[in-house]
Every structure is written in C-alpha cells, then in structure tokens.
Amino acid sequence: MEINAQGLEIGYGEFVAVENMDITVKKGEITTIIGPNGSGKSTVLKALTRLLKYRKGVVHLDERDLLTFESKELARRVGVLPQRHSAPPDFKVKDLVGYGRMPYQKWYSRAGDEDKKVIEWALKATGTWELRDKSINECSGGESQRVWIATVLTQQPEILFLDEPTTYLDISHQLETMRLVRKLNRESGIGVVMVLHDLSQALEVSDRIVVIKDGRKYSEGTPDEVITSQMMLEVYGVDCDIIHIPGRRAPLIAYREIS
C-alpha cells in the first residue's frame, strides 16, 4: 500500500501554506516530515489523510483518488493521531481503545469476539494492557500517549499517521514513544508517517525523511542523505557538524558552540 500526492496546493483564504508538493509514503516504512515551525508539516499530513482540503493536485491511495473513499473504508486503511486529543476524564482505557473499532461495526452492534481480540492485541502491543481498567485521567503523559496510539491501532490501519507524537512529553516518555513506533513498524509491518521537531529522533527511527521549508519540499531521502550540515544551515539557519560514529546506527548533530 502507498499514498501518493502530486502537485498539492493548500491554503487558507489568500494565504498559500503549501504549494507544488509531491510526496509518497508506503506501508512498511517510517517516513518523518521535518522543517521549521510554520513550514507546512502538519498541513501536509492532514492533506494526506483527507483531514484538510487542498486547492490543487491529487492524492491517491493505491492509484485510487483518496476523495472517492467512504469514511469507514478509509479508516480501515489509514489511522490518524492528531497533535491534540481529548476524552472524558472518567473514560476507562479499554473503552477508549474500543472506539477504534467503530469503522468495523454497525451503529447498532456491540463489540464482537474479533473486536475484543483486536482491542487486546492493541493494548498489549502498546504496553497498556495493565492500564485497561484505569480511567484516562489516571494515566501519566506517556501512558496516555500509548493509550491513544492503541486506540488508533484498533482500526488495524496499514499506515499510521502521527502529528508531533512526542510534543508535551518529557524526554523519557519521548524515547518510550519512539521505541513503540519502531516496534510496531518492525513487528507488525505498519507504515508510519510522523511530523517531528526533534531531529535526533528522526535520525534514529526513520527510513525516509521529507524536509519542508516555506511550504515547499526542500529534500527527501534516507536520513544520511537528508540530514546534512548544508540542510541544517539552509533550512534551520543552524551551523553544525553531522558526526558519524562507527557502530552507531544514526549520526549525531553537533551544534556550534554558543558564544
């Protein structure tokens, strides 16, 4: 499965947020979208998942126009976790996670054996099985994020879209979330598309990185191809060295000393 966008232009009123955007994301790969604040990262992610209309261009899912999918049909193939999400504070974890099965259910039906099996799998895959009887407001920030990912996983998507999944988390929970993303990709073959600010995290987990600057694609490729000193200077205005260490999967970004 792949989602392919060509020639996207997205705007608000007279403001053009994204223009002439081509991007392809695939099942089985982790693709990370990076760029400065306001560059259009989340806008592109929303357009790829039909959460935001675009003025020009087209988005195809396996060569079929994304606009032709019915909502439940699309939800069975694409899962989306937005940057901000909320639930009633007295909701139990297992009930919240169960809502992810709605694309597979009739409005009048209750969860069946298959639904229960998938819910249990999602809870265990995200390490939230022991939290299932807690209310969502009893969960820590990291636990809550894993619960929300479990909720999307119960849709059984082929590609999971995450908009800044580590925002508002402390460093230990950020790392926990990134390990979970990598685990889901490796063990279940789920494609992942993320918007991230932390470039070190992007280097560690990504198969491909897309760099956006001022609403246009600056570059795309493997982490080694994309994260360069030249890119950091031209896109972020930051002077640094990219250091490769033998035996380490991802290079380190060494920023110039602040004087």
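Preceding this paragraph is the structure being described.
Quick look at the structure, then. Note that the structure is predicted; figures quoted are calculated from it, not measured.

### Examining the pairing of strand 8 (residues 191-195)
The side chains of a regular strand alternate between both faces of the sheet. Across the five residues of strand 8, five count as buried, placing the element largely inside the fold. Of the two faces of strand 8, the one lined by Gly191, Val193 and Val195 and the one lined by Val192 and Met194 are each fully buried. Bridge count for strand 3 (residues 30-34) against strand 8 is four bridges, and the pairing is parallel. Residue Thr31 lies in a different strand from strand 8, and its bridge partner there is Val193. Note that strand 7 (residues 159-163) and strand 8 share five bridges and pair parallel. Within the sheet, the bridge partner assigned to Leu160 lies in strand 8 and is Val192. Following the backbone out of strand 7, through helix 6 (residues 171-188) and into the adjacent parallel strand 8, one traces a crossover that is right-handed.

### So, the environment of Ile212
Checked against the element boundaries, Ile212 lands in strand 9 (residues 208-213). By relative accessible area, Ile212 is classed as buried at 0%. When the C-alpha atoms of Ile212 and Val152 are compared, they prove to be 26 Å apart, with 60 residues separating the residues in sequence.

### Here we look at a nonpolar patch on the surface
A surface patch of nonpolar side chains, about 220 Å² in accessible area, is lined by Ile243, Ile245 and Leu252. Relative to the elements of secondary structure, Leu252 occurs in strand 12 (residues 252-255). By relative accessible area, which is 36% here, Leu252 ends up partly exposed.

### Structural notes on the environment of Glu187
Tracing the backbone shows Glu187 in helix 6. Classification of Glu187 by relative accessible area gives exposed; the value is 62%. As for Glu187 and Cys240, which are separated by 53 residues in sequence, their C-alpha atoms are 35 Å apart.

### A closer look at the packing of aromatic side chains
Between two aromatic rings, the relevant description is the distance of the centres plus the angle of the planes. Taken as a whole and judged by the stated rule, the model has one aromatic pair. Looking at Arg64, its charged tip hangs above the ring of Phe69, at a distance of 3.9 Å from the centre. Positioned above the aromatic ring of Tyr104 is the side chain of Arg76, whose terminal nitrogen or guanidinium carbon lies 5.9 Å from the ring centre.

### Re helix 5 (residues 141-153)
Between its first and last C-alpha, helix 5 extends 18 Å over 13 residues, near the 18 Å set by a 1.5 Å rise per residue. The element helix 5 is extensively covered by neighbouring structure, given that twelve of its 13 residues are classed as buried. Here the buried face of helix 5 lies against strand 6 (78-81), helix 3 (93-98), helix 4 (113-125), strand 7 and helix 6.

### Let's talk about the sheet that holds strand 7
Backbone hydrogen bonds hold the strands of a sheet together, and the pairing may be parallel or antiparallel. A sheet is described by the order of its strands in space; here six strands give the open sequence 6-7-8-3-9-10, paired in mixed fashion. The outermost strands of the open sheet, each flanked by one partner alone, are strand 6 and strand 10 (216-221). Adjacent strand axes in the sheet meet at a mean angle of 15°, parallel and antiparallel pairs treated alike. Helix-sheet contacts for helix 5 involve strand 6 and strand 7, and the interaxial angle to strand 6 is about 155°.

### Details of the sheet that holds strand 2 (residues 15-26)
Read across the sheet, four strands follow the order 2-1-4-5 without closing on themselves; strand pairing throughout is antiparallel. The open sheet has two edge strands with one neighbour each: strand 2 and strand 5 (64-65). Looking at chain direction, strand 1 (residues 2-12) and strand 2 are connected through eight bridges and run antiparallel. Across the sheet, the residue bridging to Ala5 is Ile23, located in strand 2.

About the cut-offs
- Residues numbered from 1 in each chain as written.
- Predicted model: local features only at pLDDT ≥ 70, side-chain atom pairs only at ≥ 80, totals over all residues.
- Heavy atoms only, no water.
- Buried < 20%, exposed > 50% of the residue type's maximum accessible area, 1.4 Å probe, protein only.
- Helix = DSSP H or I, 4+ residues; strand = E, 2+ residues; numbered from the N terminus.
- Pairing = 2+ DSSP bridges.
- Right-handed = clockwise from strand over helix to strand, strands pointing away.
- Patch = residues over 30% accessible without salt bridge, like charges linked within 9 Å, V, L, I, M, F, W, Y side chains within 5 Å.
- Areas by Shrake-Rupley, 256 points an atom, 1.4 Å probe, with all protein chains shown as cover.
- Salt bridge = Lys/Arg side-chain N within 4 Å of Asp/Glu carboxyl O.
- Phe/Tyr/Trp six-rings, centres within 6.5 Å; stacked < 30°, edge-to-face > 60°.
- Lys NZ or Arg CZ within 6 Å of the ring centre and 35° of its normal.
- Expected span 1.5 Å × (residues − 1).
- Contact = heavy atoms within 4.5 Å.
- Axes fitted to C-alpha atoms, helices over the stretch in contact; angles between N-to-C directions.

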